[in-house]
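Here's the letter readout for the chains.
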Amino acid sequence: MNDSIKVPTMADFMAQGKSPEVLFWVGCAGSFDDRAKKITKAFVKLLNQAEVEFAVLGTEESCTGDPAKRAGNEFLFQMQAMTNIEILNAYEIKSIVTACPHCFNTLKNEYPELGGNYEVVHHTQFLNQLIADGRLSVEGGHFKGKRITFHDPCYLGRANQVYEAPRDLIKKLDAELVEMKKCRQNGLCCGAGGSQMFKEAEEGDKEVNVERTEQALETKPEIIAAGCPFCNTMMTDGIKAKEKEQDIKVLDVAEMIAQAKDL
Amino acid sequence: MAYLPNFIFALILAYGIWFFARNIIRLKKIIAIGRDVDLSDNKGERWKNMAMIALGQSKMVARPLSGMLHIIVYIGFIIINIEVLEIIIDGIAGTHRIFSGIGPLYGVLIGVFEVFAILVFAAVIIFWTRRNISRIKRFWSPEMTKWPRNDANNILYFEMILMGLFLVMNATDTPFQEMNSGNWISQYIAPWFSSIDEGTLHYIERTAWWLHIIGILGFLNYLYYSKHLHILLAFPNTYYGSLQPKGQLDNLESVTNEVKLMMDPNADPFAAPADDQEAEPGKFGASDVQDLNWLQLMNAYTCTECGRCTSECPANQTGKKLSPRKIMMDTRDRLEEVGKAMLANNGEIVDDGKQLLDDHISREELWACTSCNACVEACPVSINPLSIIMDMRRYLVMEQSAAPSELNNMMTNIENNGAPWPYNQMDRLNWVKE
């Protein structure tokens, strides 16, 4: 295991008078959440291995405003958006990759009208492109033949019609991709969207993440694959609620690719 | 005297059409209560959506059984209208089966109508069974109180009766049966009446004919009072449906202007507003129907309460109060309330001390939404319950500061340190070293 990772910032690039080929938008979860930080690092290792000239904003990055907007606080959202756009435009950012579907959706769909026009891709799309360009290879490693089910993040799938990119990566691991009854455009939410991540759920007879976890368990998976740090948390909690954490792992697609390569 | 039936027919027809037209005008006025929104863009794509989703029923078949049954009823409804045209001409001109002059094709046409009539009849029986015997869950949700359930059944009874009358009319039409062309189904019904003398038979045929056309006019006029308006509004509703990715939520322009002003170091905070700006800034978000836009209001009238949205909703599936269908039904109920009072008051909206928020839709429902778009995806006619939920959240947060306290904490964190959790922005890159 090689734990040394190279993470240059935009300020570093600027100081050298260079510009990166892509900006990696880490996101709040990817920066601060202990589980999500592992996804961030796994993705960075892949970027390093593929020798991608990427940069992060580091301390200059700030919340995209998505949770505020979905909670109804348009003011706070637009304050965040315009502050971020000022920085992104000052650095003349053209393309962005992010491992968070919420950041992805907001940057891609809601920033343009406010003056932020970038080519935004999800990290699963970016990894596919690296593989297609011959810059990154994928081995099955210990994922070969494993039963893996993919949970569609709402903000990647239904919201932006990206269904195949994460699945293509899983297939490249020579794994057995098994679909839940509710998948792709019919996928059930993990329960975190629309700012639910930050509050207790309203009174009901079940938690949404438990319902979704049960749907995943029906496929008898060895691994539940996710493409969103929030879905990852919700599904991990669901697996714990079902006391299955010894048997079933919840992993981001990027983590699987990195682990298969022993990165 | 010979022209009396023609006269009575024309009178009934004119009244039926006039009453319908009057209600459609009312409907247009009520929908116009909504805020204006310009949807005159991308006409090509919009026509395509309408052709695919409404005309082509593309989203109905996401559920194959109900989808196929619906397509039968839908096609039956459309093609049997050709028969209605003949009835209208016959009624006014006093002719009998005026189109029969076109030759053998007439037999084929009527034969096809008869096949569809029997198929529609069967489909409607299955629909009725699904609602009342199998009691499929989405038809028995809490918002499906007595009237919505009766309304749905009324429509099914209407369709059964209309199809039945059409077949009886053909079966008892002696000249038509003797022609023996096009009586593909009714020839099997005709023997039921074989013991009846010709005079009575003719009387039954005339009665069925009259009841059929009166029934159709009645059905037409029932639409406005029922959930069944979708047979008309599905077309404009899918035309005007959103063309954006589902994840894209509109940016409030009024907020953009204020935020720009706040962030512009050269802005003069004491500057008088430009003349073209409204003296009073509009309300942020929506607490009542007039704060929603006209498309959201048309959505409410288009909803036929099928409940596919609610059955896909993660909050509803896990026992929360939120039901996207109820959001649409509440919006329509409140809109009718506001609309009726407005029309009775020379087009001026009357303040009745009530609103959509709290009096119809509770905060608990609004905060249970995960914004996952499952309801939007599920709707076969491009209704967007999520946009109403989001507009109402905006009102709660920006006009009333009434977010749940945990969300207020989250927003305070974003304001103070640029993340929904209380971490220092300066620590954002610490993960690299950990």
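If you're wondering where the values come from, they're calculated on a predicted model, not measured in any experiment.

### Brief notes about the overall build of chain A
Here's step 1: Along the backbone of chain A there are eleven helices and eight strands.
Here's step 2: Expected size for 263 residues packed as a compact globule is a radius of gyration near 18 Å; at 18 Å, chain A falls within 12% of this value.
Here's step 3: In terms of its C-alpha atoms, chain A occupies a principal-axis envelope of roughly 50 × 45 × 30 Å.
Here's step 4: Evaluated residue by residue, chain A yields a buried proportion of 66% over its 263 residues.
Here's step 5: Working note: accessible area of chain A is about 9700 Å², and carbon and sulfur atoms make up 45% of it.
Here's step 6: If you average the places of the 31 positive and of the 40 negative side-chain charges in chain A, the two averages end up 5 Å apart.

### With respect to the domain arrangement of chain A
Residue and element names in this part refer to chain A.
Here's step 1: The domain boundaries assigned to chain A delineate domain 1 (10–131) and domain 2 (138–260).
Here's step 2: Each of domain 1 and domain 2 has a C-alpha centre, and the two are 22 Å apart.
Here's step 3: Its largest share of buried area at the contact with domain 2, domain 1 owes to Arg 35, His 102 and Asn 128, together 23% of the area lost on that side.
Here's step 4: If you look at where domain 1 meets domain 2, you find one salt bridge.
Here's step 5: Close ionic contact of Arg 35 with Glu 255 constitutes a salt bridge, the shortest N to O distance being 2.8 Å.
Here's step 6: Inspection of the region where domain 1 meets domain 2 yields 13 residue pairs in polar contact (both at pLDDT 80 or more).
Here's step 7: Elements with a minimum of two residues in the side of domain 1 that touches domain 2: α3 (34–49), α4 (66–71), α6 (101–110) and α7 (123–132).
Here's step 8: When the residues that make up the side of domain 1 that touches domain 2 are grouped by side-chain class, the tally is 14 nonpolar, eight polar and five charged.

### Quick notes on the packing of α7(A) against helix α8 (residues 164–172) of chain A
All names here are of chain A.
Here's step 1: Contact geometry for α7 and α8: axes closest at 8 Å, N-to-C directions at 50 degrees. Taken together, the axis directions place α7 and α8 in an arrangement best described as oblique. The handedness of the crossing between α7 and α8 is left-handed. From α7, Thr 124, Gln 125, Leu 127, Asn 128 and Ile 131 reach across to α8, where they touch Ala 165, Pro 166, Asp 168, Leu 169 and Lys 172.
Here's step 2: In terms of residue class, the contact of α7 with α8 is built from five nonpolar, three polar and two charged.

### Quick notes on the pairing of strand β4 (residues 119–122) of chain A
Where a strand is regular, its side chains alternate between the two sheet faces.
Residue and element names in this part refer to chain A.
Here's step 1: Relative to β4, strand β3 (residues 95–98) runs parallel, the two sharing four bridges. Following the sheet pairing, Ser 95 is matched in β4 by Glu 119.
Here's step 2: In this fold, β3 hands off to α6, which returns the chain to β4; that crossover is right-handed.

### Regarding α3(A)
Residues and elements named next belong to chain A.
Here's step 1: For α3, spanning 16 residues, the distance from its first C-alpha to its last is 23 Å, which sits close to the expected 22 Å at 1.5 Å a residue.
Here's step 2: Most of α3 is tucked away, with twelve of its 16 residues classed as buried.
Here's step 3: Among the residues of α3, those classed as buried are Arg 35, Ala 36, Lys 37, Ile 39, Thr 40, Ala 42, Phe 43, Val 44, Lys 45, Leu 46, Leu 47 and Asn 48.
Here's step 4: Structurally, the start of α3 carries an N-cap: the backbone nitrogen of Arg 35 is 3.1 Å from a side-chain oxygen of Asp 33.
Here's step 5: Following α3 by one or two positions, Glu 51 has its phi on the positive side, about 55 degrees.

### Some words on empty space enclosed by the protein
Here's step 1: Counted under the stated rule, the structure contains five cavities of 30 Å³ or more.
Here's step 2: The space that makes up the largest cavity amounts to roughly 240 Å³.
Here's step 3: When residues of the lining of the largest cavity are traced back to their parent elements, those giving at least two are α2 (27–32), α3, α4, α6 and α10 (229–241) of chain A.
Here's step 4: Among the elements that make up the lining of the largest cavity, the one with the highest residue count is α2(A) (four residues).
Here's step 5: Among the residues making up the lining of the largest cavity, the classes are represented as 17 nonpolar, eight polar and two charged.
Here's step 6: Lining the lining of the largest cavity are residues from two domains, each supplying at least three of them: domain 1 (10–131) and domain 2 (138–260) of chain A.
Here's step 7: Its volume calculated, the second largest cavity comes out at about 90 Å³.
Here's step 8: In terms of lining residues, the second largest cavity is bounded by 15 residues, among which B:Cys313, B:Pro314, B:Cys369, B:Cys372 and B:Cys375 are the most central.
Here's step 9: Among the elements of the structure, α13 (314–317), α16 (374–378) and α17 (385–399) of chain B are those that each provide at least two residues to the lining of the second largest cavity.
Here's step 10: The residue makeup of the lining of the second largest cavity, split by class, is twelve nonpolar, three polar and no charged.

### Considerations on the domain arrangement of chain B
Residues and elements named next belong to chain B.
Here's step 1: Here chain B is described as being made up of domain 1 (4–31 + 63–240) and domain 2 (253–260 + 282–422).
Here's step 2: For domain 1 and domain 2, the distance between their C-alpha centroids amounts to 37 Å.
Here's step 3: Facing 27 residues of domain 1, the contacting portion of domain 2 comprises 30 residues.
Here's step 4: In total, about 2600 Å² of surface goes out of reach between domain 1 and domain 2, with carbon and sulfur atoms giving 57% of it.
Here's step 5: Here domain 1 and domain 2 share two salt bridges between them.
Here's step 6: Among the salt bridges present, the one from Arg 63 reaches Glu 312, with a minimum N-O distance of 3.2 Å.

### A few points about the interface of chain A and chain B
Here's step 1: Listed per partner, the contact involves 73 residues of chain A and 59 residues of chain B.
Here's step 2: Taking both partners together, chain A and chain B bury about 5700 Å²; carbon and sulfur atoms supply 63% of that area.
Here's step 3: Considering only the side of chain A, the residues that lose the most area to chain B are A:Phe32, A:Phe75 and A:Phe198, jointly responsible for 13% of the buried surface there.
Here's step 4: Inspection of the region where chain A meets chain B yields four salt bridges.
Here's step 5: B:Arg428 is the salt-bridge partner of A:Glu61, the closest N and O atoms lying 3.0 Å from each other.
Here's step 6: Counting residues per element, the ones that place at least two in the side of chain A that touches chain B are α2, α3, α4, α5 (74–90), α6 and α9 (208–217) of chain A.
Here's step 7: If one sorts the elements of the side of chain A that touches chain B by residue count, α5(A) sits on top with ten residues.
Here's step 8: Grouping the constituent residues of the side of chain A that touches chain B by class yields 27 nonpolar, 26 polar and 20 charged.

### Describing the sheet that holds β4(A)
Residue and element names in this part refer to chain A.
Here's step 1: Ordered by their spatial adjacency, four strands build an open sheet running β2-β1-β3-β4, and the pairing between neighbours is parallel. Sheet topology places β2 (54–55) and β4 at the edges, where each strand pairs with a single neighbour.
Here's step 2: Alignment of strand β1 (residues 22–25) against β2, held across two bridges, turns out to be parallel. Bridge pairing in β2 places Val 22 opposite Phe 54.

### Looking at the sheet that holds strand β7 (residues 223–226) of chain A
Across a sheet, paired strands are connected by hydrogen bonds in the backbone, their directions being either parallel or antiparallel.
All names here are of chain A.
Here's step 1: As summarised here, the arrangement of the four strands in space is β6-β5-β7-β8, forming an open sheet in which the pairing is parallel. Each having just a single partner strand, β6 (176–177) and β8 (249–252) make up the two edges of the open sheet.
Here's step 2: In the sheet, strand β5 (residues 147–150) pairs with β7 via three bridges, with the strands oriented parallel. Its bridge partner lying in β7, Thr 149 is registered against Ile 224.

### As for the layout of surface pockets
Residue and element names in this part refer to chain B.
Here's step 1: Taken as a whole, the second largest pocket encloses approximately 820 Å³ of empty space.
Here's step 2: Along the walls of the second largest pocket sit 41 residues, with Met 60, His 70, His 228, His 230 and Thr 304 positioned nearest its centre.
Here's step 3: When contributions to the lining of the second largest pocket are tallied by element, the ones reaching two or more residues are α2 (43–55), α3 (64–93), α4 (104–132), α5 (146–171), α9 (230–240), α12 (308–312) and α14 (324–343).
Here's step 4: Of all the elements, α3 adds the most residues to the lining of the second largest pocket, at six residues.
Here's step 5: Across the lining of the second largest pocket, the residue classes break down as 26 nonpolar, seven polar and eight charged.
Here's step 6: Here the lining of the second largest pocket spans two domains, and each of domain 1 (4–31 + 63–240) and domain 2 (253–260 + 282–422) adds at least three residues to it.

Calculation rules
- Residues numbered from 1 in each chain as written.
- Chains lettered and ligands numbered in written order.
- Predicted model: local features only at pLDDT ≥ 70, side-chain atom pairs only at ≥ 80, totals over all residues.
- Heavy atoms only, no water.
- Helix = DSSP H or I, 4+ residues; strand = E, 2+ residues; numbered from the N terminus.
- Rg over C-alpha atoms; globule rule 2.2 N^0.38 Å.
- Buried < 20%, exposed > 50% of the residue type's maximum accessible area, 1.4 Å probe, protein only.
- Areas by Shrake-Rupley, 256 points an atom, 1.4 Å probe, with all protein chains shown as cover.
- Lys, Arg positive; Asp, Glu negative; His and termini not counted.
- Charge placed at Lys NZ, Arg CZ, Asp CG, Glu CD.
- Domains from an automatic or database assignment.
- Buried area = accessible area lost by both parts, 1.4 Å probe.
- Salt bridge = Lys/Arg side-chain N within 4 Å of Asp/Glu carboxyl O.
- Polar contact = N/O pair within 3.5 Å; in protein donor to acceptor, adjacent residues only side chain to side chain.
- Nonpolar A, V, L, I, M, F, W, Y, C, P; charged D, E, K, R; others polar.
- Axes fitted to C-alpha atoms, helices over the stretch in contact; angles between N-to-C directions.
- Parallel < 35°, antiparallel > 145°, perpendicular 65-115°, else oblique.
- Left-handed = near helix turned anticlockwise from the far one by under 90°.
- Contact = heavy atoms within 4.5 Å.
- Pairing = 2+ DSSP bridges.
- Right-handed = clockwise from strand over helix to strand, strands pointing away.
- Expected span 1.5 Å × (residues − 1).
- 1 Å grid on protein atoms, 1.4 Å probe; cavity = no way out; pocket = protein on both sides within 12 Å on 5 of 7 lines; lining within 4 Å.
- Points joined across faces, edges and corners; volume = space filled by probe spheres on them.

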